[in-house]
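# Chains, contacts and geometry: an overview
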Amino acid sequence: MFSLPELQAQLAAFRAKLAEASEHTNRAVELLDEAREVIVNAHELADPWVPPELAAAVDRLGADAERLRAADDLVNTYLARL
C-alpha cells in the first residue's frame, strides 16, 4: 500500500502523462486540420474532395481529448480530497 506522499507522487506522474497525451492529441487534430486545408486548396478549381476517414479521425481524436480532460478532472478532484 502506498503512503500518502507516494500516492500523491504517483498521481502527479499520472497527471503529467495525461497532459502529455492531451498535447499529442491536440497536435494530431491540428495536423489533420492542416491536411484538410491542403487537400481543399489543392482542388480549388475542382470539387474539393476530403477523404471520409479524415472527418472520422478528427471525431475520434476529439472524443479522446474529451476523455483525457475528464480523467484529468477526476485526478485533480481526487488529489484535492487527499
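Structure first, text after, so check above.
Residues numbered from 1 in each chain as written. Predicted model: local features only at pLDDT ≥ 70, side-chain atom pairs only at ≥ 80, totals over all residues. Heavy atoms only, no water.

On a plain count of helices and strands, the protein chain comes out with two helices and zero strands. Radius of gyration (C-alpha) of the protein chain: 19 Å, far over the 12 Å computed for a compact globule of 82 residues. Summarising its shape, the C-alpha atoms of the protein chain cover approximately 65 × 20 × 15 Å along the three principal directions. The buried share of the protein chain, reckoned over its 82 residues, is 16%. At a minimum sequence separation of 6, the contacts of the protein chain that also span at least 24 residues come to 71%. (Helix = DSSP H or I, 4+ residues; strand = E, 2+ residues; numbered from the N terminus. Rg over C-alpha atoms; globule rule 2.2 N^0.38 Å. Buried < 20%, exposed > 50% of the residue type's maximum accessible area, 1.4 Å probe, protein only. Contact = heavy atoms within 4.5 Å.)

Turning to helix H1 (residues 4-42), a few remarks are in order. The end-to-end C-alpha separation of H1 is 57 Å, in line with the 57 Å expected for 39 residues at 1.5 Å each. Buried within H1 we find Leu11, Leu18, Ser22, Thr25 and Leu32. On its buried face, H1 sits against helix H2 (52-81). (Expected span 1.5 Å × (residues − 1).)

What follows deals with H2. The end-to-end C-alpha distance of H2, which contains 30 residues, comes to 44 Å, matching closely the 44 Å that a straight helix rising 1.5 Å per residue would cover. Here the buried face of H2 lies against H1.

Next up on the list: the pattern of salt bridges. Tallied over the entire structure, the rule returns six salt bridges. Glu30 is paired through a salt bridge with Arg27; the nearest N and O atoms lie 3.2 Å apart. Here Glu30 pairs with Arg27, and both are found in helix H1, just three residues apart, close to one helical turn. Under the relative-accessibility criterion, Arg27 is labelled partly exposed at 39%. Of the charged contacts in the structure, one is a salt bridge between Arg69 and Glu66, with a shortest N-O distance of 2.6 Å. (Salt bridge = Lys/Arg side-chain N within 4 Å of Asp/Glu carboxyl O.)

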